[in-house]
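Coordinate analysis (summary)
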Amino acid sequence: MSVRVGKTSTAAEFPSAAKIALKNDQLRKNVHHATNVIRNKRALRVEEMPDWQLLRDAASAIKAHTLKNLDTYLIEFERNCELAGGKVHWARDADEANSIALDLIRQYNGTEVIKVKTMTSDEIQLNPALEHAGITPYETDLADMIVQMGNDEPSHIVVPALHRNRFEVRDIFRETMDLPDLTEQPEELTGAARTYLRERFLNVKIGISGANFAIAETGGVCVVESEGNGRMCLTMPDVLISLIGVEKVIPRFEDLDVFLQLLPRSATGERMNPYNSLWCGVHEGDGPKAFHVILLDNGRTKLLHDEMERETLACIRCGACLNACPVYRETGGHAYGSIYSGPIGAILSPQLQSLEHSRSLPYASTLCGACYEVCPVKINIPEILIHLRGRVVREDQATLSGKLGVENLAMQGAAMAFKSESRYEAAQKLVQIGQGLFERNGQLTNLPGMAGAWTKFRDLKPIPKQSFRDWWKSRETSKPGGEA
Amino acid sequence: MSNAREEILGRIRSALKDAPVGPSYEEIPRSYDRKGKLDHEASLHLLKDRLLDYDSDIVEVTHESEIASAVAEALQRASEQQVLVAEAFPAAWLPSGIDVVRDTQLTTQQLDGLATVVTTCEAAVSATGTIILVHEGAQGRRAITLLPDHHICIVARSQVFELWPEAVAAIDARSRYAITTISGPSATSDIEMTRIRGVHGPRRLSVILYG
């Protein structure tokens, strides 16, 4: 089995990619602006919900319950979807999902497809697979179009082109749509996208979507969107293929009460997004004549074993954690090397791939906890980050180079010192003597080796001449009996 | 190669086999609001406030007999004379002197040439300014409220609920083959977070409140 998550296997590790991103002032300006706008709107819309925390509690419990009983709910979804006229396919990994989609498209003699925003298709790299087979995919979400036409990668879960400003979008559209006189006015750019896509919505026979929710009780699927491109792709083609991660199933229709209240406010700061589409199978005289679901594993089921890791699968892809994250807000999404960026990406991408790629991502965080606070389904991201750091370290220690690496030796040394009182005191004395070489005006400003990574950006207080332990001892001798 | 379905289900079962039994579905805490707190008048007021916030037009009438003139007013505001309606749309609700096209399974190309559609709805949610369509009768199939650029939607005051959970429970939403919820005109904020009204769905939404 080969789990693939976008282009993570060839992407640069986070520290080096982040350094490049941090030097791009335009990128940082664009990311700051977009995340500030969404954060402020979100705060406003969450504030007006008296039962917000109760909705979060329910969402978290629904997801935990569903994931614990995932096999039952997937089977129930499959049965009800097929009763309504859909056909359910199962895909173990990215390649299998791509080949099922390709076979279906060929079966219906398709040469082009219209797509409504699906991160899952980016995850399995469906577009390159289609193009390789001579099938043209058209992304129809405005931001996804900007990304596709610019040969770019999405940099945010909800607003994938937030790293582009209006001038960059204008240049991409001018070139791809052959509109040399297009201006940078957002109205005009949006109008150009509308005209460009209209003909495709009316004529392309196959649509591809993802799903926000798959409802076991009804076999129905729900897609949440704003532009109407979703409604177009779900309604106009003769054939609809929905690519759905196995974790997207929810037990009952009434669970949408919770998620449809949490998702829009968290994602875009809207009370409700302009359009939600829900449908069950196929219906004579309305919408596609054939409906196929591809249920995708691609590493997800491996996360079920561990209770903490399992929580990662509760994500409803609102992107609130990205907007809240002080690291994401500086680097933007591309530095994460994965289509899943920000805090959720930092836990999801490495886990899906059994830590074979994206190993530096669990460190791409200050552990400040802002992501946990805004998460509508209460995923404890900081805790999972620490857990994954532990896994990375233990795996590194199991290799010879890891075992003999400077970091491991230093950490093992520190562990030795902290384990014994006498060794700790001896180490402290040693540092007290050594630090004199690096002290400037009462601060350590330029330490060598690994410690230098800290003093490069911050000063460090030296260990004082009299340590707490020394003081405590002298206090005991000068005041026998103490004050207790 | 074993069957993908069996293998995925097998992976799930083996991953969860030692996990402690968690809470049942019935034990999920649901103490969030499932009933609104406003009286009906206040709830209607809230709906209008939300619709205006989404840049929708509102035409208010008292009696069902005034719907035709309300439709005429909504059309006049948009300088339009032709409407598309579902086959089951009541003729009495259409003003005289306009060109009416009934959706007798029109082709996509035929629908594409029409500027305005008039439909009813199944329910509306005031807290979020949302209109719920279940695509039966005078609500029409999905395509007719999607391709025209102006959607005029008739909402009975008795169809208005304060919260989403109340509305979907009242209309037995789970038994419907398709549901579309509409909260304002289609919109995007993908370019520098500037909200642009009207992308692919209708650019203009008019709501007629009656009853």
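Rules and cut-offs
- Residues numbered from 1 in each chain as written.
- Chains lettered and ligands numbered in written order.
- Predicted model: local features only at pLDDT ≥ 70, side-chain atom pairs only at ≥ 80, totals over all residues.
- Heavy atoms only, no water.
- Helix = DSSP H or I, 4+ residues; strand = E, 2+ residues; numbered from the N terminus.
- Buried < 20%, exposed > 50% of the residue type's maximum accessible area, 1.4 Å probe, protein only.
- Areas by Shrake-Rupley, 256 points an atom, 1.4 Å probe, with all protein chains shown as cover.
- Lys, Arg positive; Asp, Glu negative; His and termini not counted.
- Charge placed at Lys NZ, Arg CZ, Asp CG, Glu CD.
- Domains from an automatic or database assignment.
- Polar contact = N/O pair within 3.5 Å; in protein donor to acceptor, adjacent residues only side chain to side chain.
- Contact = heavy atoms within 4.5 Å.
- Axes fitted to C-alpha atoms, helices over the stretch in contact; angles between N-to-C directions.
- Parallel < 35°, antiparallel > 145°, perpendicular 65-115°, else oblique.
- Left-handed = near helix turned anticlockwise from the far one by under 90°.
- Pairing = 2+ DSSP bridges.
- Phe/Tyr/Trp six-rings, centres within 6.5 Å; stacked < 30°, edge-to-face > 60°.
- Lys NZ or Arg CZ within 6 Å of the ring centre and 35° of its normal.
- Nonpolar A, V, L, I, M, F, W, Y, C, P; charged D, E, K, R; others polar.
- Buried area = accessible area lost by both parts, 1.4 Å probe.
- Salt bridge = Lys/Arg side-chain N within 4 Å of Asp/Glu carboxyl O.

Considerations on the overall build of chain A
Counting secondary structure elements, chain A contains 23 helices and twelve strands. Dimensions of chain A, computed from C-alpha atoms along their principal axes, come out at roughly 95 × 55 × 50 Å. With 484 residues in all, chain A has 58% of them scored as buried. A total of about 20,200 Å² of accessible surface is found on chain A, and carbon and sulfur atoms cover 55% of it. When the 56 basic and 62 acidic side-chain charges of chain A are each reduced to a single mean position, those positions are 7 Å apart.

Structural notes on the domain arrangement of chain A
Split by domain assignment, chain A resolves into domain 1 (24-302) and domain 2 (425-478). A separation of 54 Å is found between the C-alpha centroids of domain 1 of chain A and domain 2 of chain A.

What to know about the side chain of serine 155 of chain A
Residues and elements named next belong to chain A. Structurally, serine 155 is set in the loop between helix H8 (142-149) and helix H9 (166-177). In terms of polar contacts, serine 155 uses its side chain to reach the side chain of histidine 163, at 2.7 Å. Setting aside residues up to four positions removed in sequence, serine 155 forms contacts with Pro160, Leu162, His163, Tyr328, Gly333, His334 and Ser341.

Description of the packing of helix H16 (residues 342-352) of chain A against helix H18 (residues 381-397) of chain A
Residues and elements named next belong to chain A. Contact geometry of H16 with H18 gives a least axis separation of 10 Å together with a crossing angle of 40°. Here H18 runs oblique to H16, going by the angle between their axes. In the crossing of H16 with H18, the sense of the turn from one axis to the other is left-handed. On the side of H16, the interface is formed by Pro343, Ile344, Ala346, Ile347 and Gln351, while H18 contributes Ile381, Ile384, Leu385 and Leu388.

Some remarks on the sheet that holds strand S2 (residues 112-115) of chain A
All names here are of chain A. Spatially, the six strands line up as an open sheet ordered S1-S10-S7-S4-S2-S3, and their pairing is parallel. Two strands lie at the open edges of the sheet, namely strand S1 (86-91) and strand S3 (136-139), each paired on one side alone. Adjacent strand axes in the sheet meet at a mean angle of 25°, parallel and antiparallel pairs treated alike. Sheet topology places S2 next to strand S4 (residues 206-209); two bridges connect them, and they run parallel. Within the sheet, the bridge partner assigned to lysine 115 lies in S4 and is isoleucine 208.

Notes on the packing of aromatic side chains
Residue and element names in this part refer to chain A. Under the criterion given, the structure shown has ten aromatic pairs over all chains. Between tryptophan 279 and phenylalanine 291 the ring centres are 5.6 Å apart and the planes differ by 70°, which places this aromatic pair in the edge-to-face class. Pair noted here: tryptophan 279 is in strand S9 (residues 275-280) and phenylalanine 291 is in strand S10 (residues 290-296), with a separation of twelve residues, a long-range link. Like tryptophan 279, the residue phenylalanine 291 is buried in the burial classification. Taken together, the ring pairs connect Phe14, Tyr328 and Tyr336 into an aromatic cluster. The cationic tip of arginine 231 hangs over the ring face of tyrosine 275; the distance from NZ or CZ to the ring centre is 4.6 Å. The side chain of arginine 475 reaches across the aromatic face of tryptophan 472, ending 4.5 Å from its centre.

As for the packing of H9 of chain A against helix H10 (residues 186-203) of chain A
All names here are of chain A. Interhelical geometry of H9 versus H10 gives an angle of 30° and a closest axis separation of 10 Å. Between H9 and H10, the angle is such that the two are roughly parallel. Judged by the sense of rotation from one axis to the other, the crossing of H9 with H10 is left-handed. Contacts from Arg166, Val169, Arg170, Phe173 and Met177 of H9 reach H10 at Pro186, Leu189, Ala192, Ala193 and Tyr196. Here the contact of H9 with H10 is built from residues that sort into eight nonpolar, no polar and two charged.

Observations concerning the interface of chain A and chain B
Counting residues at the interface gives 92 residues for chain A and 77 residues for chain B. Taken over both partners, the interface formed by chain A and chain B buries close to 7,300 Å², and the fraction arising from carbon and sulfur atoms is 57%. Area buried by chain A at its contact with chain B is led by Arg92, Arg194 and Arg231 of chain A, which between them contribute 11% of it. The tally of links from chain A across to chain B stands at 14 salt bridges. For aspartate 149 of chain B, the salt bridge identified is with arginine 194 of chain A, shortest N-O distance 3.1 Å. At the junction of chain A with chain B, the criterion picks out 38 residue pairs in polar contact (both at pLDDT 80 or more). Element by element, the count of residues in the side of chain A that touches chain B is highest for H10 of chain A, at eleven residues. Residues that form the side of chain A that touches chain B fall into these classes: 45 nonpolar, 20 polar and 27 charged. Relative to strand S9 (residues 178-182) of chain B, S9 of chain A is paired through five bridges, and the arrangement is antiparallel. Each residue of the ladder has a partner; that of serine 277 of chain A, found in S9 of chain B, is threonine 180 of chain B.

Things to note about the pattern of salt bridges
By the definition in use, this model includes 51 salt bridges over all chains. In this structure, glutamate 247 of chain A and arginine 300 of chain A form a salt bridge, with 2.8 Å as the shortest nitrogen-oxygen distance. Here glutamate 247 of chain A, found in the loop between strand S7 (239-245) and strand S8 (249-250), pairs with arginine 300 of chain A, found in the loop between S10 and helix H13 (307-310); they are 53 residues apart in sequence, far enough to count as distant. For the pair formed by glutamate 247 of chain A and arginine 300 of chain A, the shared burial category is buried. Between glutamate 270 of chain A and arginine 195 of chain B there is a salt bridge, with its nearest N and O atoms 3.2 Å apart. On the criterion of chain membership, the pair formed by glutamate 270 of chain A in the loop between helix H12 (256-267) and S9 and arginine 195 of chain B in the loop between strand S10 (187-188) and strand S11 (196-197) is interchain, its members lying in two chains. With a relative accessible area of 10%, glutamate 270 of chain A lands in the buried category. Look at the salt bridges and you will find they share partners, linking Arg45, Glu48, Arg265 and Arg271 of chain A together with Asp53 of chain B into a network.

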